[in-house]
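Descriptive structure summary
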Protein chains: 2
Amino acid sequence: MNRYSWARYQKLSLALPSLPLTVDLSRTSLPDEALESDPLLLDAFPRAFEEMEALEKGAIANPDENRQVGHYWLRNPPLAPSAGLRTAIEETRDKVMAFAEAVHSGKIAPEKEGRFENFLLIGIGGSALGPQLVADALTSAEDRMRAFFFDNTDPDGMERELGRIERSGGLGRTLSVVISKSGGTKETRNGMLEAAAAYREKGLSFARHAVAVTQDGSQLDRIAREEGWLERFPMWDWVGGRTSVLSAVGLLPAALQGIDITGLLEGAAACDALTRARAAEKNPAALLALAWFRETGGRGARDMVVLPYKDRLLLFSRYLQQLIMESLGKERDLRGEAVNQGISVYGNKGSTDQHAFVQQLRDGVPNFFVTFIEVLEDCAGGRLSIEVEPGVRSGDYLQGFFLGTRQALSEKGRPSITLTIRDVTPRSIGILIALYERAVGFYASLVGINAYHQPGVEAGKKAAGEILALQLTVAKDLDKHRGQFRNAEEIVASAGAPGQEEMVFKILEHLSATSARGLSKLPADHVFASRYGYPE
Amino acid sequence: MNRYSWARYQKLSLALPSLPLTVDLSRTSLPDEALESDPLLLDAFPRAFEEMEALEKGAIANPDENRQVGHYWLRNPPLAPSAGLRTAIEETRDKVMAFAEAVHSGKIAPEKEGRFENFLLIGIGGSALGPQLVADALTSAEDRMRAFFFDNTDPDGMERELGRIERSGGLGRTLSVVISKSGGTKETRNGMLEAAAAYREKGLSFARHAVAVTQDGSQLDRIAREEGWLERFPMWDWVGGRTSVLSAVGLLPAALQGIDITGLLEGAAACDALTRARAAEKNPAALLALAWFRETGGRGARDMVVLPYKDRLLLFSRYLQQLIMESLGKERDLRGEAVNQGISVYGNKGSTDQHAFVQQLRDGVPNFFVTFIEVLEDCAGGRLSIEVEPGVRSGDYLQGFFLGTRQALSEKGRPSITLTIRDVTPRSIGILIALYERAVGFYASLVGINAYHQPGVEAGKKAAGEILALQLTVAKDLDKHRGQFRNAEEIVASAGAPGQEEMVFKILEHLSATSARGLSKLPADHVFASRYGYPE
């Protein structure tokens, strides 16, 4: 069968000029007649549509956490199941816009100097990836503020970002935006404390340069209130981190940067409207979910490689990595059966990746399907770049490499989906975000899992808590025996941490490199030596 | 079996204090006695060591392209199989250092103003990823120049990077470094032309702001010579793009940035020395190759997830993606049998990714093994960050999350390798680069493939060339019938491109969005309409 004919393209692609968006499944493994006859369309999709409708109406779609799932309401507040929620969404959006305007006009100004020229977003995971995607995809020469990020608990990384801020107007002109839904995320708490210390060192008050985005009454909310931060914006338990980019989490930094957040919201709302269609063949999100299911056997048997041919969409692959893997990567289905679900996602951008891993995609392990994202417009605003050959521009090459690579993969039987958008604008980013949120929701219904919790993340946090307690135990024991040469096993015995030799050894390795707690006085190879006996 | 006991750690990890580097395989699927009794150690590794020795001595280790493979000589020139090669390597390294010094001192200065404060690296794939890794991992407040990159043929991406340069001293203070081994890479050629046009627009001569890194006599070399660029640095056919970071490709930008390139080279040389050990249990690269083989069944059955717990190593995962996937992702083995080899690689950094896809790693599809990279030192130079709780710093949390996540994965039977390095310095980056180059070489021997060619990339380029020709054919036909409404099928017939309806349609979609060639005068949905018939 010719898997990439014109006839097949016309059968298996869906063009939606009103968005605009085209979803092309003609180079997947789906049979020609899939959109009319795939059994999933009759059996599983009707239920997926019903579950999605119930979710949008306020059902407890996240049963494990007993929560509603309301990210679709964020761009269409009249959908919200109560007047209170509707008002909260609308007021927050208005507050975000008013705050950004006041910052841009200088009405809200830094403690000592001039205007706010930068913002430093302090958040991790869902509180950073969406904002980073939006900031990078939609930056322009007209940006009102420059964006910086603390998205980890790496002190060296934070020091580096503070250095960049120093070269860009300094902390005195920087607004810190601390984002934690729960208000208790340790990485974010640490980032906040490191930032506060840096402001203090410059003789500046952190509170006069800070706003919080968090749930009402959280630890972060309490600190922001007590210290009198510039503003507090709400988060709600019915918005998950990975779908929070169209709440204050993503809207506030976008508005500060000067990005048209109405465009983001309208794009998402327009895509939502079309992805409610019960006829799967007219529903681009349903088509994606169908293709994912068929390419992965409904059990993650193939990886999803995401290749946007546009520098601005580099972070979209990483954004999808979180959205898809955290939503679908689940041990148990809704009935409690062990299923170990998920789809692995990776990718950067084309044609750059053609010079990196496309060699393997074409010739190597056939363990993946590609999603190409094509952007029709060459430059923002439709500007034309120079001709690099008579009648040929760099953007023609970009399309040539996209079509060429796709063709080379098709010829080797490597399946691919193609999404085509016109340009990279707030509207089209809103469309892509909404498209994938809905596709993930449908897919979760098809395989019967809860897409809206993340129990596996908790296990790592709990284990980390135990390590941190052990670090303190070890440090205390080291202080007590300052200057003594002892190996990990002796320290375990002395500190009373039976069975924890390996962890204690790892902790000692780290301590020996931080030059804290008097360990700098020990020989440099003390810790390594502790494993092989004392140094000679 | 307890897969993560202290006894097992001592058996299955190798500490090399002289680098320093520790490779810990105790949380992989290897049995306790693997390092003594794995059959590969007896059967396959002796041959891998022999092949590596022959390669280092100058054998044609890349038979398909009839080339030697000499990246190990770059950091140990006396190894080179001829005096001429040795001299070429040494002279190039000296020339790089002298050039960087002359730029820093102002002896080599821009055409009109002050000093060179920025460099713009124009390259793609192996000519960009290594330099980007080094620039990002080793940046510091002491940088002598700021780094910018054109690494694609996206005109919008280039415009954006030019905007960043404008805000950082401008093109007048920017040295362009054009890197293409073959000298004919189209993305790089386009980047060069776009950059040259941008200089011209500022009234500046590109030649007076440009250097080339390319093979002697290449198209790029010829242009640089004829136009009188500031300098030309050689590349050689015995260095592959993905292993070129310690040639002028990586050394020149690093030296310009002010990075200690001697440290990079010495780190790699020190790691090379240890990874020549014929006793696999003492050879960290052999241990990696062994673990990869056992985790993937020697056929890529599991993905490699790379998680460095350090912001500075974010790009290392992407660097490895290229090095490993382009080297190992091969259709045929050396005997010509179809094997579809490879290992898929992805990852960003911890603990950030813990809030993204670690949910799936722990609970979802068990289709991967992790490589954790632990950095013992918290901050560059051993500085201490603030305490975020009594006796606890952000870096303690970073270690806590690393150990906690690893533990949570181990408890679910998810295998992991851990690499531990002391710090992120030129030396340790050199060590990591050399470690993985050698591991890839060994693994290629184990599975019997050529790690040093990339035939699959050519197919995409060839297909792209055909698309570019078709673009011109279509454009010519459109010009001839300017103002007419025709659909893709009619244009195919008129332009004489039988069977190319889908490609022509895709080309039309792109053209309609570029507002070039008079198409802007057509209705905005002309191209979409061309599929569904004429607009009403």
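Regarding its fold elements, chain A presents 20 helices and 13 strands. Taken along its principal axes, the extent of the C-alpha atoms in chain A is 80 × 60 × 55 Å. Out of the 536 residues belonging to chain A, those deemed buried represent 65%. Once local pairs closer than 6 in sequence are excluded, the contacts in chain A between residues at least 24 apart make up 71%.

Turning our eyes to something else, we now look at unusual backbone geometry. All names here are of chain A. With an omega of -10 degrees, the peptide bond between leucine 19 and proline 20 qualifies as cis. Cis geometry is found at the peptide bond from glycine 350 to serine 351, where omega equals -5 degrees. Here serine 351 shows up in the loop between β9 (345-346) and α14 (358-363). The backbone of asparagine 66 shows a phi angle near 55 degrees, a positive value even though the residue is not glycine. With respect to the element layout, asparagine 66 can be found in the loop between α4 (45-56) and α5 (83-105). The phi angle at asparagine 340 is positive, at roughly 45 degrees, despite the residue not being glycine. The residue asparagine 340 is located in the loop between α13 (314-328) and β9 in this model.

This part covers helix α15 (residues 394-411) of chain A. An ideal rise of 1.5 Å per residue puts 26 Å on 18 residues; α15(A) measures up with 25 Å between its terminal C-alpha atoms. A positive phi of about 75 degrees marks A:Gly413, the residue just after α15(A).

Looking now at the pairing of strand β4 (residues 146-150) of chain B. Residues and elements named next belong to chain B. Sheet analysis places strand β3 (residues 118-122) next to β4, joined by 5 bridges and oriented parallel. For asparagine 118, the partnering residue across the bridge sits in β4 and is arginine 146. Between the parallel elements β3 and β4, the chain passes through helix α6 (residues 129-137) in a crossover that is right-handed.

What follows deals with the relation of the copies chain A and chain B. At an RMSD of 0.0 Å, chain A and chain B line up after a rotation of 180 degrees and a shift of 0.0 Å along the axis. What we have between these two chains is a two-fold relation. Closest approach to the rotation axis within chain A is made by the C-alpha atom of A:Tyr346, at a distance of 3.0 Å. A shared binding surface is used by both copies, with 99% of the interface residues of chain A retained as interface residues in chain B.

Here the focus is the side chain of A:Arg242. Residue and element names in this part refer to chain A. By the secondary structure assignment, arginine 242 is in the loop between β7 (231-235) and α10 (248-257). Residue classification places arginine 242 among the buried positions, given a relative accessible area of 6%. A distance of 2.8 Å separates polar atoms of two side chains, one belonging to arginine 242 and the other to serine 327. Among residues more than four places away in sequence, those in contact with arginine 242 are Gly126, Tyr319, Gln322, Leu323, Glu326, Ser327, Lys330, Ala451, Tyr452, His453 and Gln454.

Take the environment of B:Arg225 next. All names here are of chain B. The topology assignment puts arginine 225 in helix α9 (residues 219-227). Of the residues examined, arginine 225 reaches a relative accessible area of 44% and is grouped as partly exposed. Remark: the alpha-carbon pair of arginine 225 and leucine 129, spanning 96 residues in sequence, is separated by 26 Å.

Going through the model one piece at a time under the given rule, you end up with 43 aromatic pairs over all chains. Centre to centre, the rings of A:Trp6 and B:Phe505 are 5.7 Å apart; their planes meet at 50 degrees, and the pair counts as tilted. Within this pair, whereas A:Trp6 is found in helix α1 (residues 6-12), its partner B:Phe505 is found in helix α19 (residues 501-514), the two belonging to separate chains. The burial state of A:Trp6 is the same as that of B:Phe505; both residues are buried. Geometry around A:Phe233 places A:Lys95 over its ring, the cationic atom sitting 5.4 Å from the centre.

Counting across every chain of the model gives 11 cavities of 30 Å³ or more. Reported here for the largest cavity is a volume of approximately 180 Å³. What lines the largest cavity is a set of 16 residues, and nearest its centre among them are A:Gly347, A:Asn348, B:Arg318, B:Gly347 and B:Asn348. Listing elements by their share of the lining of the largest cavity, those giving two or more residues are α13 of chain A together with α13 (314-328) of chain B. Of the residues contributing to the lining of the largest cavity, the split by class is 6 nonpolar, 8 polar and 2 charged.

Residues and elements named next belong to chain B. The N-to-C vectors of α6 and α13 enclose an angle of 160 degrees; their axes lie 9 Å apart at closest approach. Judged by the inter-axis angle, α6 sits roughly antiparallel to α13. In this structure, α6 meets α13 at a crossing whose hand is left-handed. Contact with α6, carried on its side by Leu129, Gly130, Gln132, Leu133 and Asp136, involves Leu315, Phe316, Arg318, Tyr319 and Gln322 of α13 and no other residues of that element. Its residues placed into classes, the contact of α6 with α13 shows 5 nonpolar, 3 polar and 2 charged.

Attention now moves to α6(B). In terms of burial, α6(B) is largely enclosed, as 9 of its 9 residues are buried. Residues of α6(B) that are buried include every one of B:Leu129, B:Gly130, B:Pro131, B:Gln132, B:Leu133, B:Val134, B:Ala135, B:Asp136 and B:Ala137, and no others.

All names here are of chain A. If you trace the backbone, glutamate 56 turns up in helix α4. Judged by relative accessible area, glutamate 56 falls into the buried class, the value being 6%. Note: C-alpha distance between glutamate 56 and valine 69 (13 residues apart in sequence) is 7.5 Å. Sequence-distant contacts of glutamate 56, that is, excluding residues within four places in its chain, are made with Tyr72, Trp73, Leu79, Arg276 and Arg438.

We now examine the sheet that holds strand β7 (residues 231-235) of chain B. All names here are of chain B. In spatial order, the strands read β4-β3-β5-β6-β7; together these 5 strands make up an open sheet with parallel pairing. Each of the sheet's edge strands pairs with one partner strand only, and the pair in question is β4 and β7. Taken over all neighbouring pairs, the strand axes of this sheet differ in orientation by 20 degrees on average, direction set aside. Note that β3 and strand β5 (residues 174-179) share 5 bridges and pair parallel. Counted as the bridge partner of phenylalanine 119 is leucine 175 from β5. The strands that α9 touches are β5, β6 (210-215) and β7; relative to β6, the one it contacts most, it runs at about 145 degrees.

We now examine the interface of chain A and chain B. Residue-level contacts link 144 residues of chain A with 145 residues of chain B. Summed over both partners, the interface of chain A with chain B comes to about 12,700 Å²; 53% of that surface belongs to carbon and sulfur atoms. Applying the counting rule to chain A against chain B returns 22 salt bridges. Put simply, A:Arg312 and B:Asp156 hold a salt bridge, and the shortest N to O gap is 2.5 Å. The tally of links between chain A and chain B comes to 86 residue pairs in polar contact (both at pLDDT 80 or more). It is α15(A) that contributes the most residues to the side of chain A that touches chain B, 15 residues altogether. Across the side of chain A that touches chain B, the residue classes tally to 50 nonpolar, 50 polar and 44 charged.

Reading guide: rules and limits
Residues numbered from 1 in each chain as written. Chains lettered and ligands numbered in written order. Predicted model: local features only at pLDDT ≥ 70, side-chain atom pairs only at ≥ 80, totals over all residues. Heavy atoms only, no water. Helix = DSSP H or I, 4+ residues; strand = E, 2+ residues; numbered from the N terminus. Buried < 20%, exposed > 50% of the residue type's maximum accessible area, 1.4 Å probe, protein only. Contact = heavy atoms within 4.5 Å. Expected span 1.5 Å × (residues − 1). Pairing = 2+ DSSP bridges. Right-handed = clockwise from strand over helix to strand, strands pointing away. Least-squares fit on C-alpha atoms with pLDDT ≥ 70 in both. Polar contact = N/O pair within 3.5 Å; in protein donor to acceptor, adjacent residues only side chain to side chain. Phe/Tyr/Trp six-rings, centres within 6.5 Å; stacked < 30°, edge-to-face > 60°. Lys NZ or Arg CZ within 6 Å of the ring centre and 35° of its normal. 1 Å grid on protein atoms, 1.4 Å probe; cavity = no way out; pocket = protein on both sides within 12 Å on 5 of 7 lines; lining within 4 Å. Points joined across faces, edges and corners; volume = space filled by probe spheres on them. Nonpolar A, V, L, I, M, F, W, Y, C, P; charged D, E, K, R; others polar. Axes fitted to C-alpha atoms, helices over the stretch in contact; angles between N-to-C directions. Parallel < 35°, antiparallel > 145°, perpendicular 65-115°, else oblique. Left-handed = near helix turned anticlockwise from the far one by under 90°. Buried area = accessible area lost by both parts, 1.4 Å probe. Salt bridge = Lys/Arg side-chain N within 4 Å of Asp/Glu carboxyl O.

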